[in-house]
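# Summary of structural features
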Amino acid sequence: MSNNPATVSATQDMDEFNPFLSMAQLFNEAADLLNLDEGMREVLRRPERELTVSLPIVMDDGSTKVFTGYRVQHNFLRGPCKGGIRFAPDVNLDEIRALSAWMTWKCSVVDIPFGGGKGGVICDPRELSKRELEQITRRYTTGIMDILGPDRDVPAPDMNTDEQTMAWIMDTYSMHVRRTTTAVVTGKPISLGGSRGRREATGRGVMLNCREAMKKIGRRPENTRVIVQGSGNVGGIGALLLYREGYKITSISDMYGAIINENGLDMPQVLEYLRTNKRLEGYTEADHIPNLDQIFQDCDVLVPAATENQITSHNAHRIQAKLIVEGANGPTTAKAQTILDEREITVVPDILANAGGVTVSYFEWVQDRMGYFWTEEMVNTRLEQAIVKAFNDVNSKADEYQVSLRTAAYILAIERVATVYKMRGIFG
Ligand code: GLU
């Protein structure tokens, strides 16, 4: 070990920013409060299965490149593994491990019959053509084929993957098993077995969680200033739904920068601008600020809906919001959570705040298996019931144990999975 303070601090940072270690720390805090024995901790912390696949692809210029893909199945005790697939240059196994574990806890918090899984391919979708993306998706699906299936593991969209990606996965899987199997993925286009309301579901879940948390802290949407980091499927739709509920969205960002307007942004106009121009740059009804400054601006509610490790021990003291609703997975490090707790900032944790997506994924899987499709109203009503119940369950645990909503969500999730483990017993 080095005594050089710079090296020590770099190592500490690496630990803080390693999502799997962050997840393990949050898990341990809850496991301590539950008096979970060491054996059970070991079982629940570790992923059940990890698969790494090499994906040779013939690129548009005729050259051959080999990409790396992962699928981690953290736990399938409560049902098939469930969780998204992301395409990004910085995908790595520890990140996918953490994300798969978060899926186990998320499915448990909203009490749907799934375990957790997650997948990813190391690639930069911005530099790939549609044909190359399709090849990567199909080759990846073939690579993980043996562990996929409606009763085994059901992927969904995540960062940089969408309905089209899911359609390719569904088709590739179906071609291999020689029958159309819509329930193998969720987040599909509606015309091929997708669910109404799925596209909006994560954003809707964020809005519903925000509403419940606002009641808890005794505030109303009117004159509540919200900063949303990210304007993709979660941030963009979340901001629009919050805007429709009467919140004032003062800032939103994309990968390249953030816009800010203290009088509130016209969200439908901003999203239309983004749809046409692909980025917020050049939008005239707001000021432009760098992404790095956005989350520290004055506001009442902060919705980090971009990526991991945004609120850290280095910057948690600069956050001005009184309420944080985590649209992304892992936007706050475990170390930063301690600082936010000290500062009495209420945080609706990711495994609750963004669980709307997987909840409607569950509805999609059910509809595919029934072959009977619900109206959007029915989907939204059932989503609302699930989220309100989950929020109340977590809130009751927070009161019972006198802990933050995050620790309470872990307690609830771990307790449910551990109960199933104890009742099923250890096979072998
Ligand atoms: N990728 C989303 C998440 O992190 C959705 C997962 C799913 O619907 O299976 O929750």
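Now for a look at the structure at hand.

Conventions we followed
- Residues numbered from 1 in each chain as written.
- Predicted model: local features only at pLDDT ≥ 70, side-chain atom pairs only at ≥ 80, totals over all residues.
- Heavy atoms only, no water.
- Helix = DSSP H or I, 4+ residues; strand = E, 2+ residues; numbered from the N terminus.
- Rg over C-alpha atoms; globule rule 2.2 N^0.38 Å.
- Buried < 20%, exposed > 50% of the residue type's maximum accessible area, 1.4 Å probe, protein only.
- Contact = heavy atoms within 4.5 Å.
- Areas by Shrake-Rupley, 256 points an atom, 1.4 Å probe, with all protein chains shown as cover.
- Pairing = 2+ DSSP bridges.
- 1 Å grid on protein atoms, 1.4 Å probe; cavity = no way out; pocket = protein on both sides within 12 Å on 5 of 7 lines; lining within 4 Å.
- Points joined across faces, edges and corners; volume = space filled by probe spheres on them.
- Nonpolar A, V, L, I, M, F, W, Y, C, P; charged D, E, K, R; others polar.
- Core = buried A, V, L, I, M, F, W, Y, C linked by side-chain atoms within 4.5 Å.
- Phe/Tyr/Trp six-rings, centres within 6.5 Å; stacked < 30°, edge-to-face > 60°.
- Axes fitted to C-alpha atoms, helices over the stretch in contact; angles between N-to-C directions.
- Parallel < 35°, antiparallel > 145°, perpendicular 65-115°, else oblique.
- Left-handed = near helix turned anticlockwise from the far one by under 90°.
- Near = heavy atom within 4 Å.
- Polar contact = N/O pair within 3.5 Å; in protein donor to acceptor, adjacent residues only side chain to side chain.

Here the focus is the overall build of the protein. For the protein, the count of helices and strands is 15 helices and 12 strands. Relative to the globule expectation of 22 Å for 428 residues, the C-alpha radius of gyration of the protein, 21 Å, shows essentially globular dimensions. Expressed along its principal axes, the backbone C-alpha trace of the protein runs to roughly 55 × 55 × 55 Å. Every one of the 428 residues in the protein was classed for burial, and the buried ones make up 58%. Once local pairs closer than 6 in sequence are excluded, the contacts in the protein between residues at least 24 apart make up 67%. Split by element, the accessible area of the protein, about 18300 Å² in all, is 49% carbon and sulfur.

Looking now at the pairing of strand β5 (residues 153-157). Burial within β5 is extensive, with four of its five residues counted as buried. Relative to β5, strand β3 (residues 81-88) is paired through five bridges, and the arrangement is parallel. Bridging from a neighbouring strand, lysine 82 pairs with valine 154 of β5.

Glancing now at empty space enclosed by the protein. In this structure the tally under the stated criterion is one cavity of 30 Å³ or more. By volume, the largest cavity amounts to about 30 Å³. Classifying every residue of the lining of the largest cavity gives two nonpolar, five polar and one charged.

On the secondary structure map, valine 91 appears in the loop between β3 and α4 (93-109). For valine 91, a relative accessible area of 4% corresponds to the buried category. Along the primary structure valine 91 and glutamate 42 are separated by 49 residues, whereas in three dimensions their C-alpha atoms are 25 Å apart. Look past the residues within four positions of valine 91 in its chain and what remains in contact with it is Tyr70, Arg86, Ile96, Gly120, Val121 and Ile122.

Another point: the nonpolar core. The nonpolar side chains of a soluble globular protein tend to be buried with one another. Of all hydrophobic cores here, the largest spans 86 residues; its most connected members are Leu44 and Trp105. Broken down by element, the residue count for this core peaks at 11 residues, all from helix α15 (residues 405-424). Among all residues touching leucine 44, those that are not within four sequence positions of it are Phe27, Leu36, His74, Asn75, Trp105, Ile414, Val417, Ala418 and Tyr421. Formed by 24 residues, the second largest nonpolar core is a distinct cluster that contains Leu128, Tyr140, Leu148 and Val185.

Next up on the list: the packing of aromatic side chains. Going through the model one piece at a time under the given rule, you end up with seven aromatic pairs. Residues tyrosine 362 and phenylalanine 363 carry aromatic rings whose centres are separated by 5.9 Å and whose planes lie at 45 degrees to one another, so their mutual orientation is tilted. Its relative accessible area of 22% is what places tyrosine 362 among the partly exposed residues. Take phenylalanine 363: its relative accessible area is 7%, and that puts it in the buried class. Taking the centre distance of 6.3 Å and the plane angle of 35 degrees together, the rings of tyrosine 362 and tryptophan 365 count as tilted. One end of the pair, tyrosine 362, and the other, tryptophan 365, are both in helix α13 (residues 356-370), three residues apart, so they sit about a helical turn from each other. Since its relative accessible area comes to 10%, tryptophan 365 is described here as buried.

With that out of the way, let us pick up the packing of helix α7 (residues 198-216) against helix α8 (residues 235-244). Relative orientation of the contacting elements α7 and α8 amounts to 50 degrees, with a least axis distance of 8 Å. Compared by their axis directions, α7 and α8 come out oblique. Between α7 and α8 lies a crossing of right-handed hand. In contact with Arg199, Glu200, Gly203, Arg204, Met207 and Cys210 of α7, α8 contributes Ile237, Gly238, Leu241 and Leu242. For the contact of α7 with α8, the class distribution of residues is five nonpolar, two polar and three charged.

Among the 14 residues in the neighbourhood of the ligand, the closest are listed as Lys82, Lys106, Pro157, Asp158 and Ser361. Within the side chain of lysine 82, a nitrogen or oxygen atom sits 2.8 Å from an oxygen atom of the ligand. For the ligand, an oxygen atom lies 2.5 Å from a polar atom in the side chain of serine 361.

Relative to the helices and strands, arginine 244 resides in helix α8. You can call arginine 244 exposed: its relative accessible area is 57%. Counting along the chain gives 24 residues from arginine 244 to proline 268, while the straight-line C-alpha distance between them is 9.5 Å.

This part takes up unusual backbone geometry. Backbone geometry at asparagine 160 places phi at a positive 65 degrees, although glycine is not the residue there. Tracing the backbone through its elements, the reader meets asparagine 160 in the loop between β5 and α6 (163-177). Its identity as a non-glycine residue notwithstanding, arginine 178 has a phi of 65 degrees, on the positive side. With respect to the secondary-structure elements, arginine 178 resides in the loop between α6 and α7. Judged by its relative accessible area of 73%, arginine 178 falls in the exposed class.

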